[in-house]
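Observations on chain architecture
What follows is each chain in one-letter form.
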Amino acid sequence: MKITGIEPILAGARYLFLKVTTDEGLVGYGECGAWGYQEATAGVLKQMEKMIVGLDPMNTEFIWNALARNLHFRGSVTQAALSGIDIALWDLKGKYFGVPCYQLLGGKMREKIRIYINARGKNGDEIAEAARGLKEQGYNAIRFSIGHPQDENGRCGENFSALVRRVEDTMRKVREAVGDNMDVAIENHRGLRPAEAIELGRALEKYNPYFYEDPIPDNQEAMATVIRNCVVPVATGERFINPAEFDSLMSHTDVRYIRPDMCVCGGLTAGKKIAAEAEVKGVYVIPHNPLGPISTAACLQLDAVIPNFEVQEYPAMNGKCRLDREMKEPFHVENGYIILPEKPGLGIELIDDIDKVFPFKGAYGGINLHADGSIVDR
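Heads up: these notes are all about the structure in this document. (Residues numbered from 1 in each chain as written. Predicted model: local features only at pLDDT ≥ 70, side-chain atom pairs only at ≥ 80, totals over all residues. Heavy atoms only, no water.)

**A word on a nonpolar patch on the surface**
Together, Tyr 96, Phe 97 and Leu 104 line one region of the surface with nonpolar side chains, adding up to about 290 Å² of accessible area. In this structure, Leu 104 sits in helix 4 (residues 101–104). (Patch = residues over 30% accessible without salt bridge, like charges linked within 9 Å, V, L, I, M, F, W, Y side chains within 5 Å. Areas by Shrake-Rupley, 256 points an atom, 1.4 Å probe, with all protein chains shown as cover. Salt bridge = Lys/Arg side-chain N within 4 Å of Asp/Glu carboxyl O. Helix = DSSP H or I, 4+ residues; strand = E, 2+ residues; numbered from the N terminus.)

Dropping the structure here:
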């Protein structure tokens, strides 16, 4: 069997799916993760197609190394393309052998995957009410965002003390709403300076947060300082694009949780390598997953096989999940877990003509400013 082509599929606000075709008619589907740069990634897919057409799709390790190590340039767009191809090849391989990918990755260690979902609201009271509703729906792990209030001019003018007190107040209300039998994580989205992250982390300690996600931008020395001075467990790494970055993070900081994104870190091949290194260091894995059905399915296949899996991000807001409309058969969610799909490959199917049902719109972010006009990290 030989690879005959790669077909990019742009859809919705931030999706770039792809289909790898073969001369035997077997196909595999993947998803690329550099949202905001979908069209650029689609162009890289066609460039990489020239390198792998004619190769045996079963040789996933060889193709991964060829695409990861044989090009002069590196970056999130090229790694997103590589990741999507790798995921598609694993999907294709599972279908060829008639088994889920997890069987080829070492066999499942668990039958269901614990997930966390987002509690959303405009303020602390609304977030707490959403959290209460999620607990009533059977979820036992949630996350809320610290948010970034803006003034009438769209500037982020909140001062140090106000930020700390506002987020602490939200956490207090959430904990009062759900009690102690619920894990509550805090998403910072790299929106804090190191001093703010340390002070806020200390203020949140008494509420026993599950983890403290991306408190600051990706600066290893600054992250080490935050982790060293903050009792709350830090989770980070969602923007890392290869195993080497995770090696550096785990070797030089006391990070508790890492967040590889299957659609940008190098696919399932890289995910398995990253998780194996984390396992020997006693670090647990919380895969990043803000994207679509294939991203989620790839995460689940990895989650099933690694001993150091912690919890899986599931892109649902207040219990409602957009993925349900994008798949022929939605994931089976039960009491805060996804039951592991058992069909061959990734175990799922996109709806027919997803790019026509959900035409591509693109999502490109924007420029966020402090009150003084300087750039806000996001």
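**Thoughts on the environment of Ala 128**
Tracing the chain through its elements places Ala 128 in helix 5 (residues 124–136). Between the alpha carbons of Ala 128 and Ala 177 there is a distance of 5.9 Å; along the sequence they are 49 residues apart. Ignoring anything within four residues of it in the chain, the contact list for Ala 128 reads Lys 173, Val 174 and Ala 177. (Contact = heavy atoms within 4.5 Å.)

**Some points on the sheet that holds strand 1 (residues 3–11)**
Spatially, the three strands line up as an open sheet ordered 1-2-3, and their pairing is antiparallel. Edge strands, defined here as strands with exactly one partner in the open sheet, are strand 1 and strand 3 (27–32). The mean inter-strand angle of the sheet, taken between neighbouring strand axes irrespective of direction, is 20°. As paired strands, strand 2 (residues 15–22) and strand 3 are joined by six bridges and run antiparallel to one another. Residue pairing across strands places Lys 19 opposite Tyr 29, the latter belonging to strand 3. Along the sheet, helix 11 (residues 293–305) makes contact with strand 2 and strand 3, crossing strand 3 at roughly 100°. (Pairing = 2+ DSSP bridges. Axes fitted to C-alpha atoms, helices over the stretch in contact; angles between N-to-C directions.)

**Section: the packing of aromatic side chains**
Counted by the stated rule, this structure contains eight aromatic pairs. Here Tyr 210 and Phe 211 contribute two aromatic rings whose centre-to-centre distance is 5.2 Å and whose plane-to-plane angle is 50°, an arrangement assigned as tilted. Here Phe 211 falls in the buried class, since its relative accessible area comes to 0%. On the numbers, 6.1 Å between centres and 65° between planes, the contact of Phe 211 with Tyr 257 is edge-to-face. With Phe 211 in the loop between helix 7 (194–204) and strand 7 (212–213) and Tyr 257 in strand 9 (residues 257–258), this residue pair connects regions lying 46 residues apart in the sequence. Of the residues examined, Tyr 257 reaches a relative accessible area of 13% and is grouped as buried. Feature note: the residues Tyr 116, Tyr 210, Phe 211 and Tyr 257 constitute an aromatic cluster, connected by ring pairs. It is Lys 273 that lies over the ring of Trp 64; its NZ or CZ is 5.2 Å from the centre. (Phe/Tyr/Trp six-rings, centres within 6.5 Å; stacked < 30°, edge-to-face > 60°. Buried < 20%, exposed > 50% of the residue type's maximum accessible area, 1.4 Å probe, protein only. Lys NZ or Arg CZ within 6 Å of the ring centre and 35° of its normal.)

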